[in-house]
Amino acid sequence: MNDIAAPTESESAIRTIHTDLPVNATFHVWLKAKKPDVAGAVSFSNANGKFGEVSTSNLEEYSFRIYQVFGGGRVDIAYDTMTTAVSVIYWFTASDVLETGITVVHTKPDNAPPDLPDSYHFRPPFGWMNDPNGFGRFEGHPHLFYQHYSHGLRWNTMHWGHAISSDYLRWRHLPIFLFPSEDLTTRPDKRGGAYSGSTIPLVEGTGIRVFFTEQVQDRVPEQQIQLTATSPDLIMAGQAEVILGHRPDGQGLTPDFRDPYVVRGPDGLWKMLLGSQSDSGGVILLYETQDPTAASGWTYVGKLWVETRYKTTAIECPCLLPLDGPANARSTRWVLTYGLMHSEDPATGRKNLTMADVGWFDGKKFVKEFGQELDFGTDNYAFQAFLDGDSIVGIGWLANWADATPEIDFPTSMTLPRRLHFSNGALLTPPIGAAESLRHRILDRTRLAAGDRVDLSTGAVELLFELNKPGLPFDLELDHPDVRLGVVCDETGLWIRHEDGRDGASPRYVSEGARPYRLRIFVDYGSIEVFADRGRYVGTKRIASFKPVRAAHLKTLEGAVAHATIWSLKQ
């Protein structure tokens, strides 16, 4: 139980936070000084008086401090608001943090998470979030790392946040896992940090090896280089080391050189994919190493893929996995996913598309059989997946850079996790089976199918309906207070209606030519995800408002709907 006592104008400027601790608790504190001649300080005390303090003289950026409390019981955390700014304070016990998570006792108002009862998408406990990183199962549990800035809802110097789950849906927040270099955390004029990457299990012993891009703005000759670090306890990464300090020579590359994704190839060697841009378009670079630990010896193999469509600049977040068989079988198809930075589809106005190509990978070259968009709504960006046993599981950032800018607050979530599998010549990306466990209670079984308006008691719902014939036209209207929202099937295909009143025509979020018969639609505070025909057509759209959808109304031909159900959802 935590209690925060805020001062009034007539009281002192001391703010006190009360919390009850187990023994051997570790505090993580971010603070900065407000006055040049007085250090910012946070003190710790109990019934016997003050027993500790952390401090900083940094006026520009929040300084990270660790403080250990060996005894348990009630502890008072205090600071003077006239001299000290505090962004985040949380505590945990290292012995059981993977089972219990962190306890957040303070966030400043402008980096606090939104209060969204029943919301079922992953959101950070504070601050900014973008790309998923290092998504995988380690020591028996799914882990999600993500691009993170703790001190506001705008992009800034990148860290890696971290969470753990048992089912990919219900997450426990863990300590910040990976920090940028000290030079970046103390120099707000420089931007960059620990950018996106991936993780693999340690080949020897327990724990993980992390691969990530370090960016330092205006660094010469390379703004972006690749680093690796290990974490035997899965709580925090150790000291990082450079493994690729420069781009390959003679390839006509821009300074873009990022987002290492490491996977075991069909020849048993570790492979690394990196996104970049060349003279001929966006490019995916391929590296490999003979080192069984993947810690060193990385050599350039060549350009795995060049993308010239949609005015793409750099490719981001490439990912490559065996799709329909073991990695070492010649007949096994592989799926290659990647984001097209700054891309634009001129026919629809959609930007920053994500592609999924299916083909064969021999360890050196990828031969494409067919390709499709991963998501026609485009807000399943920076998608990252891994092989969980025999099944591919992936997750994306439920947003993209078409809407997000460093100048606006932009709280976001991750998408629902999805499976990827090959069926009847198509790539399917349905939600994971555990998503059905979110169903809390049935709201309707008859009215939606009958064409009646159905009022929704919560902003977190799943709508499922099936048509008697593929491609029958329908218009599902979703009553939202700020956005004209819905899902439509007509002669052009399946599309998400999203009109928010901004200047200019809204992009057309459409899967052209789709003729679906089974729709599964997830609505949450701030998002809609459409899964048609068991994941054959998938569209994800962020809504720039946390106001709930108030009602649903399905318009279609008489007798077109075989059945329809609406559930309220809850974690």
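Please refer to the structure placed before this passage.
Thresholds applied
- Residues numbered from 1 in each chain as written.
- Predicted model: local features only at pLDDT ≥ 70, side-chain atom pairs only at ≥ 80, totals over all residues.
- Heavy atoms only, no water.
- Pairing = 2+ DSSP bridges.
- Helix = DSSP H or I, 4+ residues; strand = E, 2+ residues; numbered from the N terminus.
- Axes fitted to C-alpha atoms, helices over the stretch in contact; angles between N-to-C directions.
- Buried < 20%, exposed > 50% of the residue type's maximum accessible area, 1.4 Å probe, protein only.
- Polar contact = N/O pair within 3.5 Å; in protein donor to acceptor, adjacent residues only side chain to side chain.
- Core = buried A, V, L, I, M, F, W, Y, C linked by side-chain atoms within 4.5 Å.
- Contact = heavy atoms within 4.5 Å.
- Disulfide = S-S within 2.5 Å.

**Student:** Even after reading the chapter, I still don't get the sheet that holds strand β28 (residues 418-423), so can you show me in this structure?
**Tutor:** The strands making up a sheet are joined through hydrogen bonds of the backbone, oriented either antiparallel or parallel. A sheet is described by the order of its strands in space; here four strands give the open sequence β26-β27-β28-β29, paired in antiparallel fashion. Each having just a single partner strand, β26 (381-388) and β29 (426-428) make up the two edges of the open sheet. If you compare each strand with its neighbour and ignore which way they point, the axes differ by 30 degrees on average. Bridge count for strand β27 (residues 391-397) against β28 is three bridges, and the pairing is antiparallel. When the sheet's bridge partners are listed, valine 393 is paired in β28 with arginine 419.

**Student:** Sorry if this is basic, but what is going on with the side chain of asparagine 111 here?
**Tutor:** Tracing the backbone shows asparagine 111 in the loop between β9 (103-107) and β10 (128-138). Among the residues examined, asparagine 111 registers a relative accessible area of 0% and is labelled buried.

**Student:** What should I look at first to understand the sheet that holds β10 in this one?
**Tutor:** Read across the open sheet, the four strands follow the order β10-β11-β12-β13; overall the sheet is antiparallel. Single-partner strands in this sheet number two, and they are β10 and β13 (171-173). Between one strand axis and the next, the sheet turns through 30 degrees on average, direction left out of account. As paired strands, strand β12 (residues 159-165) and β13 are joined by three bridges and run antiparallel to one another. Counted as the bridge partner of alanine 163 is histidine 173 from β13.

**Student:** How should I be thinking about unusual backbone geometry in this particular structure?
**Tutor:** Along the chain, valine 220 connects to proline 221 via a cis peptide bond; the corresponding omega equals 5 degrees. As for its placement among the helices and strands, proline 221 is situated in the loop between β15 (208-216) and β16 (224-231). One non-glycine residue, tyrosine 310, lies in the positive phi region at around 60 degrees. The topology assignment puts tyrosine 310 in the loop between β21 (299-307) and β22 (315-322). The class of tyrosine 310 is partly exposed, set by a relative accessible area of 24%. The backbone of lysine 311 shows a phi angle near 55 degrees, a positive value even though the residue is not glycine.

**Student:** Please explain the environment of tyrosine 338 as it appears in this structure.
**Tutor:** Tracing the backbone through its elements, the reader meets tyrosine 338 in strand β23 (residues 334-340). By relative accessible area, tyrosine 338 is classed as buried at 1%. Separated by 16 residues in sequence, tyrosine 338 and threonine 354 have C-alpha atoms that sit 5.7 Å apart. Side-chain polar atoms of tyrosine 338 contact the side chain of tryptophan 305, separated by 3.1 Å. A polar atom in the side chain of tyrosine 338 sits 3.1 Å from the side chain of glutamate 307.

**Student:** What is the right way to read the nonpolar core from this model?
**Tutor:** Within soluble globular proteins, side chains that are nonpolar tend to cluster in buried spots. Ranked by internal contacts, the top residues of the largest apolar core, which has 57 residues, are Leu304 and Leu336. Per-element accounting of this core gives the leading share, five residues, to β23. Not counting residues up to four positions away in its chain, the partners in contact with leucine 304 are Leu273, Ile284, Leu286, Leu320, Leu336, Phe361, Lys364, Lys365 and Phe366. Counting residues in hydrophobic clusters, the runner-up holds 36 residues, among them Leu456, Val487, Ile496 and Leu554.

**Student:** Is there a simple way to think about the side chain of serine 231 in this case?
**Tutor:** Relative to the elements of secondary structure, serine 231 occurs in strand β16. A distance of 3.1 Å separates a polar atom in the side chain of serine 231 from the backbone nitrogen of leucine 234.

**Student:** Sorry, what's going on with the state of the cysteines here?
**Tutor:** This structure, assessed with the given rule, holds zero disulfides. Looking at cysteine 317, it has no disulfide partner, and the nearest cysteine sulfur is the one in cysteine 319, 9.5 Å off.

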